[in-house]
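# Overview (structure and organization)
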Amino acid sequence: KQEVITKDNVTVGVDAVVYFRVLDAAKAVLETSNYVYATSQFAQAALRDVIGNVELDEVLSKREEISLQIKQIVDQETDKWGIDVENVK
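Criteria and thresholds
- Residues numbered from 1 in each chain as written.
- Predicted model: local features only at pLDDT ≥ 70, side-chain atom pairs only at ≥ 80, totals over all residues.
- Heavy atoms only, no water.
- Helix = DSSP H or I, 4+ residues; strand = E, 2+ residues; numbered from the N terminus.
- Buried < 20%, exposed > 50% of the residue type's maximum accessible area, 1.4 Å probe, protein only.
- Contact = heavy atoms within 4.5 Å.
- Areas by Shrake-Rupley, 256 points an atom, 1.4 Å probe, with all protein chains shown as cover.
- Core = buried A, V, L, I, M, F, W, Y, C linked by side-chain atoms within 4.5 Å.
- Salt bridge = Lys/Arg side-chain N within 4 Å of Asp/Glu carboxyl O.
- Pairing = 2+ DSSP bridges.

Summing up its helical and strand segments, the chain has four helices and four strands in all. Judged by the C-alpha coordinates and their principal axes, the chain covers about 45 × 20 × 15 Å. When each of the 89 residues of the chain is scored for burial, the buried share is 31%. Within the chain, contacts between residues at least 6 apart in sequence are counted, and of these 63% link residues at least 24 apart. Only carbon and sulfur atoms are counted for the fraction: they give 47% of the accessible area of the chain, which is about 5800 Å².

So this is what it looks like as structure tokens:
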């Protein structure tokens, strides 16, 4: 669970789950000290960034779009760690 402030200054509690798999074990271990923790932290930061740029109405009505944006951001960053983000819910 993550506390996030929307663009219209409303504080919301958001639960998110990131589904990922390791494609390259060597990269996952060598490129970051703890790939599970790093992926989680990066996903939380992406969630704050994305939700911080939309108003509460959009958070409630465009959940699938927001999930896709977060997935793309996290997947792009974790590719270099050998991690494939399959879904964010």
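Core analysis: the biggest nonpolar cluster contains 15 residues, and Val4, Val14, Leu47, Ile51, Ile66, Ile70 and Val74 have the highest contact counts within it. Counting only elements with at least two residues in this core, the list comes to strand E2 (11–14), helix H2 (35–52), helix H4 (63–78) and strand E4 (83–88). If near-sequence neighbours (up to four positions away) are discounted, Leu47 is found in contact with Gln2, Val4, Val14, Ala16 and Ile70.

With that out of the way, let us pick up the side chain of Asp75. For Asp75, the location among the structural elements is in helix H4. Residue classification places Asp75 among the buried positions, given a relative accessible area of 13%. Apart from residues no more than four positions distant in its own chain, Asp75 is found in contact with Ile83, Asp84 and Val85.

Further remarks concern the pattern of salt bridges. Summed over all chains, the structure comprises six salt bridges. A salt bridge links Glu58 to Lys62; its shortest N-O distance comes to 4.0 Å. Across the pair Glu77 and Lys80 runs a salt bridge whose closest N-O atoms are separated by 2.8 Å. Looking at Lys80, the relative accessible area reads 48%, which means it is partly exposed. Where salt bridges share partners, they join Arg21, Asp84 and Glu86 into one cluster.

Moving on, we get to the pairing of E2. Along E2, the buried face is formed by Val12 and Val14; none of Thr11 and Gly13, which line the opposite face, is buried. Two elements, strand E1 (residues 2–5) and E2, share four bridges in a ladder whose sense is antiparallel. If you follow Glu3 over to E2, its bridge partner there is Gly13. Between E1 and E2, which pair antiparallel in sequence order, lie five residues; one of them, Asn9, sits at a positive phi of approximately 60°.

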